[in-house]
Amino acid sequence: MYSGPGVKTSPDFPIPDTMKAWVLGNPGELKLAQKPVPVPKRAEVLVRIDAVAICATDLEIIDHGPPASILGGMPFNKNFTPGHEYMGTVVALGPGVDEYRIGQRITVEIHAGCGQCKRCREGMYTACHNYGLNYGDVDKGHRANGFTTDGGFCEYQVNHINTLVAIPDAMSDEEATLVVTAGTAMYGLTELGGLVAGESVVVTGPGPIGLLGVAVAKALGASPVILTGTRDNRLKIGRELGADHVVNVRNEDAVEAVRRLNGGKGVDYVIECSGAPNAVNDAIRMANRGGKVCLAAFPHQETPVDVAHIVRNNIYLYGIRGEGKTATHRAEAFMSQKRFDATKIHTHTFPLDDLPTAIRYAKDRVDDAIKVVVKAKGVAAHRVAAE
Ligand SMILES: [Zn+2]
Ligand SMILES: [Zn+2]
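All values derive from a computational prediction rather than experimental measurement.

Caption draft 1: How the structure looks around helix 11 (residues 355–364). Buried within helix 11 are the following residues: Leu 355, Ala 358, Ile 359, Tyr 361 and Ala 362. Projection of helix 11 onto a plane perpendicular to its axis shows the buried side chains occupying an angular sector of 160 degrees, all on one side. The inward-facing, buried residues of helix 11 abut strand 1 (18–24), strand 2 (30–36), helix 1 (56–64), strand 16 (346–351) and strand 17 (371–375). Looking one or two places after helix 11, you find Arg 365, whose phi comes out positive at around 50 degrees.

Caption draft 2: Just the pattern of salt bridges, in detail. In this structure the tally under the stated criterion is 15 salt bridges. Taking the shortest distance from any N to any O, the salt bridge between Glu 85 and Lys 371 comes out at 2.6 Å. Taken together, the residues Glu 85 in strand 4 (residues 85–93) and Lys 371 in strand 17 connect sequence positions 286 residues apart. A single burial state applies to Glu 85 and to Lys 371, both of which are buried. Between Asp 244 and Lys 218 there is a salt bridge whose closest N-O contact spans 2.9 Å.

Caption draft 3: Molecular detail of the coordination of the zinc ion (ligand 2). Donor atoms from the polypeptide that coordinate the zinc ion (ligand 2) comprise Cys 114 (SG), Cys 117 (SG), Cys 120 (SG) and Cys 128 (SG), at 2.3 to 2.4 Å from the metal. If you look at the zinc ion (ligand 2), its four donor atoms make angles of 103 to 116 degrees with each other, and the shape they trace is tetrahedral. Owing to a relative accessible area of 8%, Cys 117 belongs among the buried residues under this scheme.

Rules behind the numbers
- Residues numbered from 1 in each chain as written.
- Chains lettered and ligands numbered in written order.
- Predicted model: local features only at pLDDT ≥ 70, side-chain atom pairs only at ≥ 80, totals over all residues.
- Heavy atoms only, no water.
- Buried < 20%, exposed > 50% of the residue type's maximum accessible area, 1.4 Å probe, protein only.
- Helix = DSSP H or I, 4+ residues; strand = E, 2+ residues; numbered from the N terminus.
- Arc of directions from axis to C-beta.
- Contact = heavy atoms within 4.5 Å.
- Salt bridge = Lys/Arg side-chain N within 4 Å of Asp/Glu carboxyl O.
- Donors = N, O, S within 2.8 Å, 3.2 Å for Na, K, Ca; no water.
- Tetrahedral: all angles 85-135°; square planar, octahedral: opposite > 155°, others 65-115°.

Here it is in structure tokens:
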């Protein structure tokens, strides 16, 4: 029977001893396996995973390894379960936990950090100095589920209470998986100094973070919000999420268009979500003097950057990893107040057993897929009806 020292459970939520879990073998190879259901320790809960979204970073980890780090190295053939954008129901409480109750619906942020390094103490737990140190005699207790500890492509997972975000009953499972995506955009804007209403923003790259970046910037009062990209169908969704202007960079020069749309001077903030080779040089030319650029994509190649332009114009560049400083809570507040409809980026749902198909849809953008969600229970594969 499922149990652990000081762990509270409820007959309303019976917990099996083992669960289905996808495990990463060689690069690109996922296998469905059985694993023991993990047991929460102090300040942790057990989450029954009700839905998990696939992220571009999952695809990166499954095929190439980084930014995952398991037992000090690559994540392959280590019985590692990826997946990090999940939500679910609290079904067991670790010793002393009274912040959440059994049966409560929650979504999660990824990084618990170690809680003891300089950055964790500052709330920058996504830049924890003990990233991946959670094993053997270097165990600092760091957790980032789906990156350095087991993640969400399974039925149950243990989460530190600091990573939980309570959600209202009215928020669907699918929408709740998107809180962390909106939280990443929110964290970027927080680190740039906190967006003040009336400041101008460009978002480059209409992927999930870019599209929700548009929504978050608009909800914070940015004006105008300009979105650039190459796919008209995604730019259209960007408009629905609050972009005042969209620019298809296949049809016009993005830098010129941005400067024209904002009175010739460039914008206060650029959120770079494309990872394109020329993205940084474009972004610094879209920014006005003293403007700030948030780099939120992981490009594959190193690229030369016009440093002189940055210095002459006092432009600030910020590398932003994940969602620190409890940005997910602020994102969730906007979403539960219906300040924007994040579900516009959710396109497909598959059963957990069909994870490889779901991943193919996300990777190859089959059927214009944007966010693909996987659910352990009670779903047949479906495309969400376009509105
Ligand atoms: Zn992600
Ligand atoms: Zn830390």
